[in-house]
Amino acid sequence: MFKKIIGLAFAFVVALSFTTQSTSHANDIKGHQMVNELTYWSNLGVIRPDSKGNYNPNRAVTRGEFASYITRALQLPASSTYTFKDLKAGSELTLEIQAAAGSNILSGYPDGTFRPNEKITRQHMAALLQKALRYSNVPLDGQPLTFKDNNKISDQFKPAVATNVYYNIIRGSHTAKGVFFEPQGNATIAHAAAFLYRMNSTIQNFAVNDNGGNTGPIETPAPNPNVYYVGTVSKGTIEKNPTVYFSYDQAEAALNSSGSNLILKGDKIIKMSAGIASAADTKANTTTVYTDKNFTKLLSYASEGSQFKYIGSNDEYAIVQLADTKGYAKIDEVTLTPTSLIKGQDFYFVEGGYLTHRTFNHISQKYNWDYVISEAPAFMQRGVNYYSQDGVNFYSDIFLTKKVGTYYPYFQFQSIRQHSNYTAAELDNIIMSLLVERQAIPTSPQYANAPTESRLIGMGALLKQVEAQYNVNALFILAAAMHESDYGVSKNALTKNNIFGIKVFDADPTLGEIYPSRDDSVMAFITRYVNLNYVPQAGAYAKGAAPGNKTSGMNVHYASDPFWGSKIAGHMFRMDNKFGKKDSKQAKLAFVTYENGHQVNVRTEPTTSSPIHFTFKAKYVGETGMFGYPVAIVEEIMGTDGYVWYKILSDDNPAAQYGWVRADLVQPIPEN
């Protein structure tokens, strides 16, 4: 059986390429002698344009470029059998060169280099083409050479040249003095396109004639990732219109004038009429959401597979909503799924009287485990699925248009400056009780020794000491440790005493700081993160002193998981609900708001004439305007200046535990 690169079934695309080239390529190959060959390979993504859309057909082709052309044309399998010391590990070019080397089509120099930027000679190109024919099981027949410069062809390359001449792949340069091969001459990109095209035809001829034409199905190459199509979804599959567009504007115009509802770049959907967006599988394992389409200022980020609300897109960016935050994500970092192709999505439901959340990973296409956040709000009914992008505004439909109610889970927006009512002994009892429960789960062997090995054992006294000294809620610290360290038995916890996932990044979960003791990890979490960068307004990531979501609170920047805040709140609620209900709804919660981006001053006394304690910086409050800085109100009085003032727990470091802010700049959270 012959290996194939372009099947007969692809002839339609070839014909289309040839017939549309005059209008499709308004670039430097228009009118070129080899425009058909160049267009053919550009349609298949074998030869690609530069950033300006030009192909530079008369430029000399390099060794690296020609190796990549062969790899793409033959769709060679990835290989790491051969490596070259002058290639950058992991780059696309390196992988393509390694694939060609692994298929025995090329080799490097004796010193272990490949020298990808050297111009390739015509005789060397002939050698690679001959090996490509051999790889495709084409007989390596030859023909006597009659070039005027035969004597200049190196002996080692003459068999390869003879094979290429036999199959009419390389014809030589015709001059008044005769036909010359010019073995040391440099072939151009246009020459490379022509030679590859003739090589492809040769391979196809042998494929069709193999065993009387009984070759089985013809393999269709992957679509060119640099051209555009319009299409529709029909019966669960995407149907692409075969017309190729060479710019997004062309495809968008076709979309608007036809019955199609999708634009694809290659096989990737980049625009749709309706559906769900999700964080794609990227090298960093996260997708970043920016304030602007030029990607200059970061708003937040989300772990791969996370769900976004889809608002719109083009070939450069997608406009998405993460929690109540609307922004721009690079189109390559987003996956778009049309409505009829959605296999699952995040939703909320009531189970046992509790608000329960089930999330869906849009990469693995599987649901994650359910977790309880809080008691269920009154407007929710058992047996009904609810949808929310921010965990506060709930809807009955997946497109978030039919709102059924608003509900703020208490612990998710409680200020972490609010002290817990649990004693050290009670916290130790909570820890041990939960560890024993985990140990009894038959499907979770990682907890077999949890009651004796967990790094959370005996934390009670430390938690209350830190709470008193640094004004950080003890139950919150414990919940964060439970969540980040899997109840103190994660590998980072047991081997590094790192119970908060400090410097454990999505791109490499094996990383993480090492601490002499568990207590050192706690102090690092409080002093270097919570009280330095995430809560005080002087901090780099200050978005509010609460677990929060991806618009308000620590979750905005602390974790890529969009539901880190609700999961921390869930831990706090479940502990409190089971062991005494001492902390729930102990404070009146509110958001500090502002008008037109103005800052809000917190005073040392309830009057505008008193010194400023600290200032809340202007903050994006989300598309609904509902997510300012979470605060806890301690007292309300009428000031001597005629304003109503709220005494609040201070977001600033523990030098002053309270501050005063005018009531007209604060929006109380409704009690559920």
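Everything here concerns the structure above.
The structure displayed is predicted, hence computed values, not measured ones.

Engineer: Sorry if this is basic, but what is going on with the overall build of the protein here?
Structural biologist: What the protein contains, in helices and strands, is 17 helices and 27 strands. Along the three orthogonal principal directions, the C-alpha set of the protein runs to about 105 × 55 × 50 Å. When the 672 residues of the protein are sorted by exposure, 53% land in the buried category. When contacts within the protein are restricted to residue pairs at least 6 apart in sequence, long-range pairs at least 24 apart make up 63% of them. Here the protein has roughly 29200 Å² of accessible surface; of this, 50% comes from carbon and sulfur atoms.

Engineer: Sorry, what's going on with empty space enclosed by the protein here?
Structural biologist: Space left empty within the atom packing is revealed by a probe, the size of a water molecule, rolled over the atoms. A complete count under the given rule lists one cavity of 30 Å³ or more for this structure. Estimates place the volume of the largest cavity at around 100 Å³.

Engineer: In this structure, what is going on with the sheet that holds strand 4 (residues 237-240)? I would like to understand it.
Structural biologist: Taken in spatial order, the four strands line up as 4-3-5-6 in an open sheet, and their pairing is antiparallel. A single partner strand is all that each edge strand has here, and the edge strands are strand 4 and strand 6 (268-272). Shown here is a sheet whose adjacent strand axes are inclined to one another by a mean of 40 degrees, direction ignored. Both strand 3 (residues 228-234) and strand 5 (residues 262-265) contribute to a ladder of four bridges, which runs antiparallel. Directly across from V230, in strand 5, lies its bridge partner I263.

Engineer: Help me out: how do you make sense of the nonpolar core in this one?
Structural biologist: Within soluble globular proteins, side chains that are nonpolar tend to cluster in buried spots. The biggest cluster of nonpolar side chains holds 63 residues, and the ones touching the most others in it are F476, I477, F500, V522, F525, I526 and Y558. Breaking this core down by element, the ones donating at least two residues are helix 9 (410-413), helix 10 (424-439), helix 12 (460-470), helix 13 (474-485), helix 15 (518-534), helix 17 (564-578) and strand 21 (588-592). Sorting elements by how many residues they give to this core places helix 13 first, with nine residues. Excluding its chain neighbours within four sequence positions, the residues that come into contact with I526 are V466, Y470, V472, I477, N531 and L532. The next biggest cluster of nonpolar side chains, apart from the first, holds 57 residues, and it includes A101, L106, I120 and A190.

Engineer: Where do I start with the sheet that holds strand 18 (residues 371-375) in this structure?
Structural biologist: Two pairing modes exist for strands in a sheet, parallel and antiparallel, and in both the strands are linked by backbone hydrogen bonds. Strands sit in the order 14-15-18 across an open sheet of three strands; the sheet is antiparallel. One side of each edge strand has no neighbouring strand; the edge strands of this open sheet are strand 14 (347-351) and strand 18. Going from strand to strand, the sheet's axes swing by 35 degrees on average, the running direction of each strand aside. In terms of strand pairing, strand 15 (residues 354-358) meets strand 18 through four bridges, oriented antiparallel. Pairing of Y354 across the sheet is with E375, part of strand 18. Contacting strand 15 and strand 18, helix 17 runs over the sheet at an angle of about 65 degrees to strand 18.

Engineer: In this structure, what is going on with unusual backbone geometry? I would like to understand it.
Structural biologist: Working note: non-glycine residues mostly have negative phi, and peptide bonds are mostly trans. The phi dihedral of N285 is positive, around 65 degrees, even though this residue is not glycine. Here N285 is to be found in the loop between strand 7 (275-279) and strand 8 (286-290). Located in the positive-phi region is K581, a residue other than glycine, with phi close to 50 degrees. For K581, a relative accessible area of 54% gives the class exposed.

Engineer: Would you mind going over the side chain of E333 with me for this structure?
Structural biologist: You can see E333 is positioned in the loop between strand 12 (325-330) and strand 13 (334-338). Buried and unpaired, E333 has K330 as its nearest opposite-charge partner, separated by 4.7 Å. From its side chain, E333 meets the backbone nitrogen of T288 in a polar contact 3.2 Å long. Discounting residues that sit within four places of it in the chain, E333 has contacts with S278, A279, A280, T282, T286, T287 and T288.

Engineer: It is not clear to me how the pattern of salt bridges should be interpreted in this structure. Could you clarify?
Structural biologist: Two side chains that carry opposite charge are able to pair once their charged atoms sit near each other. Taken as a whole, this structure holds 19 salt bridges when the rule is applied. As a salt-bridge pair, E437 and K578 come within 1.7 Å of each other at their nearest N and O atoms. Taken together, the residues E437 in helix 10 and K578 in helix 17 connect sequence positions 141 residues apart. On the basis of relative accessibility, which here comes to 36%, the residue E437 falls in the partly exposed class. A residue is classified by how much of its surface remains accessible, and K578, at 47% relative accessible area, is partly exposed.

Engineer: Just checking my understanding: could you explain the packing of helix 12 against helix 15 for this structure?
Structural biologist: Where helix 12 meets helix 15, the closest approach of the two axes is 11 Å, and the angle between their N-to-C directions is 25 degrees. One finds that helix 12 runs roughly parallel with respect to helix 15. You can see that helix 12 and helix 15 cross each other, and the crossing is right-handed. In contact with L462, V466 and Y470 of helix 12, helix 15 contributes R518, D519, V522, M523, I526, T527 and N531. Of the residues in the contact of helix 12 with helix 15, the class split is six nonpolar, two polar and two charged.

Engineer: Could you clarify how one ought to interpret the environment of R574 in this entry?
Structural biologist: Relative to the assigned elements, R574 resides in helix 17. A sequence separation of 248 residues divides R574 from K326, and the C-alpha atoms of the two residues are 31 Å apart. In contact with R574, other than residues within four places in its own chain, are Y371 and V372. Looking at R574, its side chain comes within polar contact range of the main-chain oxygen of V372, at 2.6 Å. At a separation of 3.3 Å, a polar atom in the side chain of R574 contacts the side chain of H571.

Engineer: Could you clarify how one ought to interpret the packing of aromatic side chains in this entry?
Structural biologist: Considering all chains together, one arrives at 32 aromatic pairs under this definition. Each ring, one from Y166 and one from Y167, has its centre 4.9 Å from the other, and the planes form 90 degrees; the classification is edge-to-face. By relative accessible area, Y166 is classed as partly exposed at 38%. Ring plane angle 90 degrees and centroid distance 6.2 Å describe the contact between Y447 and Y487, whose orientation is recorded as edge-to-face. Placement of Y447 in the loop between helix 10 and helix 11 (450-453) and of Y487 in the loop between helix 13 and helix 14 (491-496) is noted, with a sequence separation of 40 residues between them. Since its relative accessible area comes to 3%, Y447 is described here as buried. The exposure class of Y487 is buried, given its relative accessible area of 10%. Each member of the aromatic cluster is reached from another via a ring pair, and the members are F476, F500, F525, Y534, Y541, Y558 and W564.

What counts, and at which threshold
Residues numbered from 1 in each chain as written. Predicted model: local features only at pLDDT ≥ 70, side-chain atom pairs only at ≥ 80, totals over all residues. Heavy atoms only, no water. Helix = DSSP H or I, 4+ residues; strand = E, 2+ residues; numbered from the N terminus. Buried < 20%, exposed > 50% of the residue type's maximum accessible area, 1.4 Å probe, protein only. Contact = heavy atoms within 4.5 Å. Areas by Shrake-Rupley, 256 points an atom, 1.4 Å probe, with all protein chains shown as cover. 1 Å grid on protein atoms, 1.4 Å probe; cavity = no way out; pocket = protein on both sides within 12 Å on 5 of 7 lines; lining within 4 Å. Points joined across faces, edges and corners; volume = space filled by probe spheres on them. Pairing = 2+ DSSP bridges. Axes fitted to C-alpha atoms, helices over the stretch in contact; angles between N-to-C directions. Core = buried A, V, L, I, M, F, W, Y, C linked by side-chain atoms within 4.5 Å. Lys, Arg positive; Asp, Glu negative; His and termini not counted. Salt bridge = Lys/Arg side-chain N within 4 Å of Asp/Glu carboxyl O. Polar contact = N/O pair within 3.5 Å; in protein donor to acceptor, adjacent residues only side chain to side chain. Parallel < 35°, antiparallel > 145°, perpendicular 65-115°, else oblique. Left-handed = near helix turned anticlockwise from the far one by under 90°. Nonpolar A, V, L, I, M, F, W, Y, C, P; charged D, E, K, R; others polar. Phe/Tyr/Trp six-rings, centres within 6.5 Å; stacked < 30°, edge-to-face > 60°.

Take it as geometry only, folks, not as evidence of what the structure does.
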